[in-house]
Amino acid sequence: MKPYYTRSYEPTADPKTTPSNVVDVGLNRTLYTIQSQIVGPVFNKVWDTPGNGYAEKFKHSIEPVLTINRTSSVDNIGQIVKIDTVDNYVGGTTLTYGLNNRFYAKRKVTPGGVTQAREIFDIELSQSYYTNQQAAQFDTQYQTTLGQVTAVNYSPIALNFRALPTDAINANLRAEFDSRYHGLRTISAQGSYSWTSRVQLTGGWSKRGYIAELPEFNDCRIVQIPFACVPASLDQAINATSTMHTKDNKVGATVSFTYDILRGFMQQQRMSLFYNAQCCGLAVEYQTYNFGPLSSAPIPADHRFFMSFTLAGLGNFSPFNGALSGVPR
């Protein structure tokens, strides 16, 4: 891999100082990366359940996993202007080890009695070790390590749970635990239900923990008299989205919201309606935003109204900011 950058950070006299000035000086970054994955030994257990109304067989599979990733040294990493994950390659070896538990069910998929095995839920537990501590700051496998200030050898312990009992229902849960200070960094859960593609319901919940020993998880701001120190990084919120439309997709509506449980206010609400005819279509949307007491935005709240229309043979005319982009036409 040898990408070329037309701009770079100006080198500093002290190599420990983080560069801040971008100059029109190009540079090449040359590196190679190799990866190998080892799975097993795999342990399986099968149960025959002919009288079960859900499935005639169940299977449990336990899979130890080890992934080894080696990236060559990147000497000019400090001069690279980082925009996306491709720019964040750091030299060193990463060992990602974990344990996967997968559960399968053999069910009838057609009225004629044809059966098929499908994965109904799985539980994955994983962690990474880095020979180069800086690699922990750019590992996209973990949500709480990207951009963190502290360079460490071990990643948080990640727990993933996925469930898909039917084609209409699915759920996901992810949590990351700090392996050094034994605290919860983040946890989030999401579930959805779909009925004949005409009604779709989605709901989610997320929470960010407080760890006193980590600067990224114990920062606070003075928000009001008598100068109460509220952790700015803490958050806990729920969100929900509901989409409904007729069978011919002629009329439909979407309603969504995000509510801040920790601070007790509605962060955003969105309501949209659309109507499609043979010759044309019309869609309207109303949005409200509340940026909260910890926001640096000059406007604490915002209300927005958008309208879009479609003409046959000409296309649609929508707001430039991307609103109404998900409305069927």
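Residues numbered from 1 in each chain as written. Predicted model: local features only at pLDDT ≥ 70, side-chain atom pairs only at ≥ 80, totals over all residues. Heavy atoms only, no water.

Asker: Which parts of the structure should I look at to understand the overall build of the protein?
Answerer: Counting its secondary structure elements, the protein contains 0 helices and 21 strands. Considering only contacts in the protein between residues 6 or more positions apart, those separated by 24 or more positions represent 47%. Carbon and sulfur atoms form 58% of the exposed surface of the protein, whose accessible area is close to 20000 Å². (Helix = DSSP H or I, 4+ residues; strand = E, 2+ residues; numbered from the N terminus. Contact = heavy atoms within 4.5 Å. Areas by Shrake-Rupley, 256 points an atom, 1.4 Å probe, with all protein chains shown as cover.)

Asker: Help me understand unusual backbone geometry in this model?
Answerer: When glycine is set aside, most residues are seen to have a negative phi, and most peptide bonds are trans. Here the residue pair Gly40 and Pro41 is connected by a cis peptide bond, since its omega of 0° sits within 30 degrees of zero. Unlike most non-glycine residues, His182 shows phi in positive territory, near 55°. Note on placement: His182 falls in the loop between β11 (169-178) and β12 (183-195). Given the relative accessible area of 71%, His182 is considered exposed. Positioned with a positive phi, Asn249 is a non-glycine residue whose angle comes to about 60°. Note that Asn249 resides in the loop between β16 (235-245) and β17 (251-260). (Buried < 20%, exposed > 50% of the residue type's maximum accessible area, 1.4 Å probe, protein only.)

Asker: I keep staring at the pattern of salt bridges and nothing clicks. Help me out?
Answerer: Side chains bearing opposite charge may pair, as long as their charged atoms lie close to each other. Inspection of the entire model under this criterion finds 11 salt bridges. Taking the shortest distance from any N to any O, the salt bridge between Arg185 and Asp178 comes out at 2.7 Å. For the pair formed by Arg185 and Asp178, the shared burial category is buried. Note that Asp302 and Arg304 form a salt bridge whose closest N and O atoms lie 2.8 Å from each other. Judged by relative accessible area, Asp302 falls into the partly exposed class, the value being 23%. Overlapping salt bridges bring together Glu63, Arg102, Glu119, Asp122, Glu124 and Arg162 as one network. (Salt bridge = Lys/Arg side-chain N within 4 Å of Asp/Glu carboxyl O.)

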